[in-house]
Structures are given as structure tokens and as C-alpha cells.
Amino acid sequence: TVYDFNLNRTNINEIEKLPGFSEQEEKLLDSANFFASGATFNFKVSHQLSVAISKMQGLTNAIRRATPDVVVYGEQYERALSAQIIMLAPFAPHFASELWSRFIAAPNRVNEKSEYIRWSEDVFAQQWPRVDSQHPIELNVKVNNSFVYKFKVCSGELNKLSQEQAIVRALE
């Protein structure tokens, strides 16, 4: 995937944006947020490393579905690929370092001044991928450990929600 990224970015003049470019970018943004959120939870909170790896595989599948125009011109593609490599680093540090070197060597960057990618730093100096504050995350409601209901809350709002506020929202 990183090899194809580098190859497509090198041959940028051969590829034009196709109809559906924006829709693919939106799907990649949604996928990156969804899978980064899941992988982060399974890695940092539940410590279910195999499930975190499974989430990362979901992101890999989303990245690989992108058409060449999205690979070349996609801001969200670049961000999703960088997030994938960063999340791989704790599991396979040497491999992630090699991928990162190839990733940052690609010409024609779209996110040159990105808040998500530190182009001059190695993969181990990168920030862990963050979920956009407007990305909806499911909040599951359980009573006596039985699933009752779920609703979506923006990530930024969920991070500020107290237990009491969550209970009020669930009761609503």
C-alpha cells in the first residue's frame, strides 16, 4: 500500500480526479475516525491487542479500496495512511519505521502543514491518531449488563460528558 502510494504520488501527472472523489474522501475520513477510535480503545483501555489489530485491518481495507486519484490528491487518504502506520508502530516498530520512511519520501504532499502529520519527525515522534471532535461515536446503554439502547454522540462532546450527564442523555 505504501509502495503504491509512493508510486502514484510520483506519477501524479498521469492521474486525474474522478467523479466520486469527494465521497471517497468522506468515507476515508469516517473510516479513519471509526477504526482509530476502536483501535485506540482496544489498545489503551481494554488491552485487547488482537482486537486492536483487527480494527487496524479494517482501516487497511478502507485505504486499499481508494482509487488512484484519491491516493494522489486525497488529504484524508494521506491522513488515514499515516494514522495506520503510526498505530502499527507499537506492534511492529521496525516495519512501521520502514513504512514511515517510504511514506514521508513520497513527493507531492497534500497535507504539507497538517496538524496530524509531523513530516520532519520519525514515526515514533508522531502523535497517536486523534478522532475528529465532530465524529459521531456510539454510546451503548446497558441495564443490569444487558444492552438496551445505543445513540451517537460527537467525539468532542463525549470526551466532556460526565457520568451523570451520560445517564441523563440515556434516559432521554
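If you're wondering where the values come from, they're calculated on a predicted model, not measured in any experiment. (Residues numbered from 1 in each chain as written. Predicted model: local features only at pLDDT ≥ 70, side-chain atom pairs only at ≥ 80, totals over all residues. Heavy atoms only, no water.)

**Notes on the packing of helix α3 (residues 49-64) against helix α5 (residues 75-88)**
The criterion, for reference: For helices, the fitted axis covers only the stretch in contact; all axes are lines through C-alpha atoms, and the angles between them, taken along N-to-C directions, range from 0 to 180 degrees. Under the DSSP-based scheme used, a helix requires at least four consecutive residues in state H or I and a strand at least two consecutive residues in state E, with every element numbered from the N terminus. Roughly parallel here means an angle under 35 degrees, roughly antiparallel means over 145, roughly perpendicular means 65 to 115, and every remaining angle is called oblique. Note on convention: near helix rotated counterclockwise from far helix by under a right angle means a left-handed crossing. Clockwise means right-handed. Pairs of residues are marked as contacts when any of their non-hydrogen atoms sit within 4.5 Å. When residue character is reported, Ala, Val, Leu, Ile, Met, Phe, Trp, Tyr, Cys and Pro are called nonpolar, Asp, Glu, Lys and Arg charged, and the others, Gly included, polar.
The interhelical angle for the contact between α3 and α5, taken along N-to-C directions, is 150°, at an axis separation of 10 Å. Here α3 lies roughly antiparallel to α5, going by the angle between them. Seen along the crossing, α3 lies across α5 with a hand that is left-handed. Between α3, through M56, L59, T60 and I63, and α5, the contact on the second element is made entirely by Y77, A80, L81, Q84, M87 and L88. When its residues are assigned to classes, the contact of α3 with α5 shows 8 nonpolar, 2 polar and no charged.

**Here we look at the environment of S31**
Checked against the element boundaries, S31 lands in helix α2 (residues 21-45). Residues S31 and T60, spaced 29 residues apart in sequence, show a C-alpha to C-alpha distance of 9.7 Å. Not counting residues up to four positions away in its chain, the partners in contact with S31 are A36, L59 and A62.

**Describing α5**
Cut-off, in case you're wondering: In this scheme, a helix's expected span is set at 1.5 Å multiplied by one less than its residue total. Burial status follows relative accessibility: with a 1.4 Å probe on protein chains alone, a residue under 20% of its type maximum counts as buried, one over 50% as exposed, and anything between as partly exposed.
In a regular helix each residue adds 1.5 Å, so 14 residues correspond to 20 Å; α5 covers 20 Å between its end C-alpha atoms and thus fits that length. In terms of burial, α5 is largely enclosed, as 13 of its 14 residues are buried.

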